[in-house]
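Structural overview for review
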Amino acid sequence: MSATIVEQQARIKEIVCDILELEEDEVTNEGLFKEEYGADSLRAIEILAGLEKEFKITIDQAELERMVNLDGVYAVVQESIDAK
């Protein structure tokens, strides 16, 4: 049985917050990782790798430019899952 969108997004947020070393209540769906949370490109790669491992998907590195906040990450992960 596949995870619901809500469960999936909760797990994505957990991974992102873990890598960015932030509390979940500090991060909003629209908050920009780089500008608001000080994430660098290495953290972005870590997020991408963590999501690929967790959801057993492949995310093209070109998608990183869309993965600037949680909303962007949710969309990219969902598309990658749908494409499987």
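Before any of the text, the structure's been laid out above.
Throughout this document, residue positions are counted from 1 along each chain, in the order its sequence is written. Totals for whole chains, interfaces and linings use every residue, but because this is a predicted model, local features are given only for residues with pLDDT of at least 70 and side-chain atom pairs only at 80 or more, for both listing and counting. To obtain the side-chain values, all non-hydrogen atoms of the structure were used and water was disregarded.

1. Structural notes on the overall build of the protein
Rule in force here: Each helix corresponds to a stretch of at least 4 residues labelled H or I by DSSP, and each strand to a stretch of at least 2 residues labelled E; elements are numbered beginning at the N terminus. The size measure is the radius of gyration over C-alpha atoms, and the globule rule it meets is 2.2 Å times the number of residues to the 0.38 power. Categorising residues by exposure relies on relative accessible area from a 1.4 Å probe, with only protein chains included: less than 20% of the type maximum marks a residue as buried, more than 50% marks it as exposed, and the intermediate range marks it as partly exposed. Only heavy atoms matter for contacts: two residues are in contact if any of them lie within 4.5 Å across the pair. Shrake-Rupley sampling with a 1.4 Å probe provides the accessible areas, and residues are treated as covered by the protein chains on show and by no other component.
Secondary structure assignment for the protein yields four helices and zero strands. Ordered by position from the N terminus, the helices and strands of the protein form the series α-α-α-α. For 84 residues, the compact-globule estimate of 2.2 N^0.38 gives 12 Å, and the protein sits close to it at 12 Å. Overall, the C-alpha framework of the protein stretches about 35 × 25 × 20 Å when taken along its three principal axes. Within the protein, buried positions represent 36% of all 84 residues. The long-range fraction of contacts in the protein, counting pairs at least 24 apart against all pairs at least 6 apart in sequence, stands at 50%. Accessible surface, the protein as shown: approximately 5,300 Å² in total, 50% of it carbon and sulfur.

2. Some remarks on the side chain of Lys13
Using the following cut-off: As used throughout, the charge tally considers Lys and Arg to be positive and Asp and Glu to be negative, leaving His and the chain termini uncounted. A side-chain nitrogen of Lys or Arg and a carboxyl oxygen of Asp or Glu constitute a salt bridge if their distance falls within 4 Å. Two N or O atoms form a polar contact when they lie within 3.5 Å of each other; inside protein one atom must be a possible hydrogen donor and the other a possible acceptor, and for residues adjacent in sequence the pair counts only when both atoms belong to side chains.
Secondary-structure assignment places Lys13 in helix H1 (residues 5–20). One buried charge, Lys13, has no salt-bridge partner; the nearest side chain with opposite charge is Glu24, at 5.2 Å. A polar atom in the side chain of Lys13 sits 3.1 Å from the backbone oxygen of Val27. Apart from residues lying up to four places away in sequence, Lys13 is in contact with Glu24, Val27, Leu70 and Tyr74.

3. As for the environment of Glu30
Here Glu30 is to be found in the loop between H1 and helix H2 (33–37). Once the C-alpha coordinates of Glu30 and Gln78 are considered, the two residues, 48 residues apart in sequence, prove to be 17 Å apart. Discounting chain neighbours no more than four positions away, the residues touching Glu30 are Glu36, Asn69 and Asp71.

4. A look at the environment of Phe55
Looking at the secondary structure, you find Phe55 in helix H3 (residues 41–55). With relative accessibility at 14%, the residue Phe55 sits in the buried group. In this structure the C-alpha to C-alpha distance between Phe55 and Ile81, which are 26 residues apart in sequence, comes to 7.7 Å. Beyond its immediate sequence surroundings of up to four residues, Phe55 is in contact with Gln8, Arg11, Ile12, Val77, Ile81 and Lys84.

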